[in-house]
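Tertiary structure, described
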Amino acid sequence: MTNCVVCGQQFLDDIRFLNHMMEKHGFRNSTNDKPDRNSRGY
């Protein structure tokens, strides 16, 4: 079980939790998967 840190809602899996965070609270998870466009070239 995962709990939303913002509103406390419980989720059965991470996928639903991430979707909730993005839709309800505006969080994005893309920075974990690939670097930002601005950070290229380091």
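Residues numbered from 1 in each chain as written. Predicted model: local features only at pLDDT ≥ 70, side-chain atom pairs only at ≥ 80, totals over all residues. Heavy atoms only, no water.

Within the secondary structure, His 20 sits in helix α1 (residues 14-25). Given the relative accessible area of 8%, His 20 is considered buried. When near neighbours in sequence (up to four residues on either side) are disregarded, His 20 contacts Cys 4, Cys 7, Gln 9, Phe 11 and His 25. (Helix = DSSP H or I, 4+ residues; strand = E, 2+ residues; numbered from the N terminus. Buried < 20%, exposed > 50% of the residue type's maximum accessible area, 1.4 Å probe, protein only. Contact = heavy atoms within 4.5 Å.)

Below, the discussion takes up the confidence of the model for the protein. Detailed reading of the predicted coordinates is not advisable wherever pLDDT falls low. When pLDDT is averaged along the protein, the result is 80, and 67% of the positions lie at 70 or above. Ranking the elements of the protein by mean pLDDT puts helix α2 (residues 30-33) last, at 54, and strand β2 (residues 10-11) first, at 96. (pLDDT = per-residue confidence, 0-100.)

Attention now moves to the side chain of Thr 2. Along the chain, the position of Thr 2 falls in strand β1 (residues 2-3). In this structure Thr 2 comes out as buried when scored by relative accessible area, which is 18%. One polar contact links Thr 2 to Asp 14, side chain to side chain, over a distance of 3.3 Å. Not counting the four nearest positions on each side in its chain, Thr 2 is found in contact with Gln 9, Gln 10, Phe 11, Asp 14 and Phe 17. (Polar contact = N/O pair within 3.5 Å; in protein donor to acceptor, adjacent residues only side chain to side chain.)

Turning next to the packing of aromatic side chains. Any aromatic ring pair is given by two values, namely how distant the centres are and how the planes are angled relative to each other. Going through the model one piece at a time under the given rule, you end up with one aromatic pair. On the basis of an interplanar angle of 55 degrees and a centroid distance of 5.8 Å, the ring pair of Phe 11 and Phe 17 is categorised as tilted. For the pair formed by Phe 11 and Phe 17, the shared burial category is buried. (Phe/Tyr/Trp six-rings, centres within 6.5 Å; stacked < 30°, edge-to-face > 60°.)

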